[in-house]
Every structure is written in structure tokens, then in C-alpha cells.
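Take a look at the letters that make up each chain.
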Amino acid sequence: AEYYSKAEYKDLREAYKAHVARMLELAGSDAATAKRDAERVLAFETRLATASLTPVEWRKPENQYHFVTVAQADAASPNFPWSKFLAAQKADIKGGFSLSQPRFFAEMDKMIVDVPVAHWQAYLRAHAIDNAAPYLSKAFATESFEFYKKMLSGQKEQEARWKRVLGATNRSMGMALGELYVAKAFPPAAKQRAQEL
């Protein structure tokens, strides 16, 4: 929440808005629409951040797990029916689940009612583009690098594309490929020998 509220982060907020606007323009918005929607995205995120746990609060074990039944979740956010959401995901939740930030979800529930649809669309569109940017054309990948890696993290140069592709593959498929490798390279007999040793 500090990044969204404290005066010392004003320049960072402006840089973020400019980044969002550039991403929206790359995806086809005109400059005026992109700027307007970037303002909407920042306002949207600021409201959610205000209702989120601070890093210190999040580190407390009692704040990391908040068990609710599906019926309790539905009652806590009547404008976002968790039962329907879980059914659409084909998630068969029997006892319940952890809704670890109740304040956040209560605020989100209010926003479903009082935030205009156009603002939700701007927020969701901006994040869909931002999340896909590393995998899109060079212009998107470069813009993503310039803001997240260079400005925020201080990385001087973007890695070669082949390294980024390999990293993305390892992150998304590493465990599955590892299981296939183990199944082929270490058949049950080899596993039994290793256990005997």
C-alpha cells in the first residue's frame, strides 16, 4: 500500500502509469484512451492496496491462513459468489478453503458494485497485456523489461531471447519434464537399487 500512498513514491507511481499507458498503446489504444485507462488502473489498484495486508501484517502466521467454508465465503462477498466461481473452475471444495485476506476480498466485493465496468475492463485488459508482454513481440517485451527489470530492479541489459524462453519453459514445465526424465532414466529397478544402497 505504501507504493500507492506515500509521497516518496510519487515518481514511481507516475512511471507505472506511463508504463501501463505504453502497454495499452502497444495493444492498440490511442494515446488519450491509454492515458485515461492507466489512471483508472492506478486508482483501482490503489483501492485494493489500501485494503491489503502490509508486509509486516502478512508475515504474522495468524494472517496467512483464514479458513472459511464455501457458504461463509459466499456470505462474506455476496457480489462474488465463490460457490459459482469454484464450480466454474470444476474445483470440488468439500470442507472449505483459506481466504487469507478478508479485508481485501470485502473491498473487492464492494468494488464489483461501485466501480464502473469500464474501469474493471481497463484494469483487466492492462494486466492481461502486462502478464503476456514477455511472450509477445519485441516492443512488448522491451517495455516490460524497461519498467520491471531495469527501472525497478536495476538490471542493466535484457537477457537474450533464448535465455528468456528457456527460463519460461523451466518455470512452467520444469517439474513435469523432471518427472518424465526420472521415469525414463530411473526405472523402478534403479530406484530400488538406490534405496538398497
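This report concerns the structure included in the present document. (Residues numbered from 1 in each chain as written. Predicted model: local features only at pLDDT ≥ 70, side-chain atom pairs only at ≥ 80, totals over all residues. Heavy atoms only, no water.)

**Regarding the pattern of salt bridges**
What counts, and what does not: Any carboxyl oxygen of Asp or Glu that lies within 4 Å of a side-chain nitrogen of Lys or Arg is treated as forming a salt bridge with it. In this description a helix means any DSSP run of H or I spanning at least four residues, a strand means any run of E spanning at least two, and both kinds are numbered starting from the N terminus. Relative accessibility thresholds used throughout: buried, under 20% of the residue-type maximum; exposed, over 50%; partly exposed, between the two (1.4 Å probe, protein chains only).
One pass over the full model with this rule turns up 12 salt bridges. With a shortest N-O distance of 2.4 Å, E107 and R47 are connected by a salt bridge. With E107 in helix α8 (residues 102-114) and R47 in helix α3 (residues 31-50), this residue pair connects regions lying 60 residues apart in the sequence. A residue is classified by how much of its surface remains accessible, and E107, at 16% relative accessible area, is buried. Here K150 makes a salt bridge to E146, at a shortest N to O gap of 3.8 Å. One end of the pair, K150, and the other, E146, are both in helix α10 (residues 138-152), four residues apart, so they sit about a helical turn from each other. With a relative accessible area of 39%, K150 lands in the partly exposed category. E146 gets classed as partly exposed once you look at its relative accessible area, which sits at 35%.

**Details of the packing of aromatic side chains**
Using the following cut-off: For this analysis, a ring pair means two rings from Phe, Tyr or Trp (six-membered ring only for Trp) whose centres lie within 6.5 Å, classed as stacked if their planes differ by under 30 degrees, edge-to-face if by over 60, and tilted for the remaining angles.
Using the criterion set out here, one finds 13 aromatic pairs in the structure. Measuring from centroid to centroid gives 5.8 Å for Y16 and F147, while their planes differ by 45 degrees, and the two rings are tilted. Of the two residues, Y16 sits in helix α2 (residues 10-26) while F147 sits in helix α10, which places them 131 residues apart along the sequence. For Y16, a relative accessible area of 13% puts it in the buried group. Relative to W82, the ring of F80 has its centre 4.9 Å away and its plane inclined at 75 degrees; by these criteria the two rings are edge-to-face. Look at F80 and you get partly exposed, because its relative accessible area is 21%. Among the aromatic residues, those joined into a cluster by ring pairs are F80, W82, F85, F97, F104 and F105.

**Some points on the side chain of S144**
To be explicit about the condition: We call two residues contacting when some pair of their heavy atoms lies within 4.5 Å.
The residue S144 is located in helix α10 in this model. When residues no more than four places from it in sequence are discounted, the contact partners of S144 are H19, M23, A133, P134 and K149.

**Considerations on the nonpolar core**
Here is the rule we go by: Residues belong to one nonpolar core when they are buried, are Ala, Val, Leu, Ile, Met, Phe, Trp, Tyr or Cys, and are joined through side-chain atoms within 4.5 Å.
In this structure, V20, V41, F44 and F97 are the most contacted members of the largest nonpolar core, which totals 31 residues. Of all the secondary-structure elements, those providing two or more residues to this core are α2, α3, α6 (70-76), α7 (82-88), α8, α9 (117-132) and α10. Leave out the neighbours within four places in its chain, and V41 touches Y16, V20, A122, Y123, A126 and H127.

**Some points on α2**
Going by this rule: Multiply 1.5 Å by the residue count of a helix minus one, and that product is the helix's expected span.
Here α2 contains 17 residues, and its C-alpha end-to-end distance of 24 Å stays within 8% of the 24 Å for a straight helix at 1.5 Å per residue. Taken residue by residue, α2 has R13, A15, Y16, K17, H19, V20, A21, M23 and L24 as its buried positions. Each element contacted by the buried residues of α2 is listed here: α1 (2-5), α3, α9 and α10. Of the residues flanking the end of α2, it is G28, one or two places downstream, whose phi is positive at about 115 degrees.

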